[in-house]
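What the coordinates show
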Amino acid sequence: MAALGEAPYAFASSVERERDNSPEQWLERLGWGAWFVAYVDDQPAGLVAGTSWPDEDPNRRHLISMWVRPSHRGLGIAAQLIVAVRDWAADAGAHELELWVADGNDAAVRTYASAGFVPTGRRQPLPSNPAVGEEMWVLDITTAHRAQPHEAAENPG
């Protein structure tokens, strides 16, 4: 909820949509893939999830819900979270990792480009705000898997 409240421009959902979820709904969501949480001094500093969609190419996984707490941006946390999802996807046998970046989220663009993602040109409206567009980016994890994380500009939102 902190991520959605702080960076509503970066997510497909909103605080209003999520605030009334039951504990069972949150637990169900945790089962969609793999969730990674970064901690600094025993406090959550960032999160990301990796998932796949049942009706999709089994060689592709998705990086979703990336967020780093503003007070912890610039510390390399986003790069470490990306590596966690990339390695999870590669261990599952995927060849590609994709994500969507909202227009205007320049810090996220820098972070993902530093990690090796490239824009595909595929676009769609941001589900939480159709007035804003977003673009799909993809990483070929057959060549990137297990490489060292890049130092990245942070603020993926």
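Please refer to the structure placed before this passage.
The structure reproduced in this document is the subject of the present report.

About the criteria used
- Residues numbered from 1 in each chain as written.
- Predicted model: local features only at pLDDT ≥ 70, side-chain atom pairs only at ≥ 80, totals over all residues.
- Heavy atoms only, no water.
- Helix = DSSP H or I, 4+ residues; strand = E, 2+ residues; numbered from the N terminus.
- Contact = heavy atoms within 4.5 Å.
- Areas by Shrake-Rupley, 256 points an atom, 1.4 Å probe, with all protein chains shown as cover.
- Buried < 20%, exposed > 50% of the residue type's maximum accessible area, 1.4 Å probe, protein only.
- Arc of directions from axis to C-beta.

1. What to know about the overall build of the protein
- Scanning the protein from terminus to terminus reveals 6 helices and 6 strands.
- In the protein, the succession of helices and strands from N to C terminus is α-α-α-β-β-β-α-β-α-β-β-α.
- Put simply, 60% of the contacts in the protein that link residues at least 6 apart link residues at least 24 apart.
- Of the roughly 8300 Å² that the protein leaves accessible, carbon and sulfur atoms contribute 52%.

2. Re unusual backbone geometry
- A positive phi angle, close to 65 degrees, is found at D42, a residue other than glycine.
- Looking at where D42 falls in the secondary structure, it is placed in the loop between strand 1 (33-40) and strand 2 (43-51).
- One non-glycine residue with positive phi stands out, namely S65, at about 60 degrees.
- Looking at the secondary structure, you find S65 in strand 3 (residues 60-68).
- Its relative accessible area of 26% is what places S65 among the partly exposed residues.

3. Some words on helix 5 (residues 106-114)
- Residues of helix 5 that are buried: A107, A108, T111 and Y112. Along the long axis of helix 5, the arc covered by the buried residues comes to 125 degrees, so they all point the same way.
- Of the residues one or two after helix 5, G116 is the one with positive phi, at around 105 degrees.

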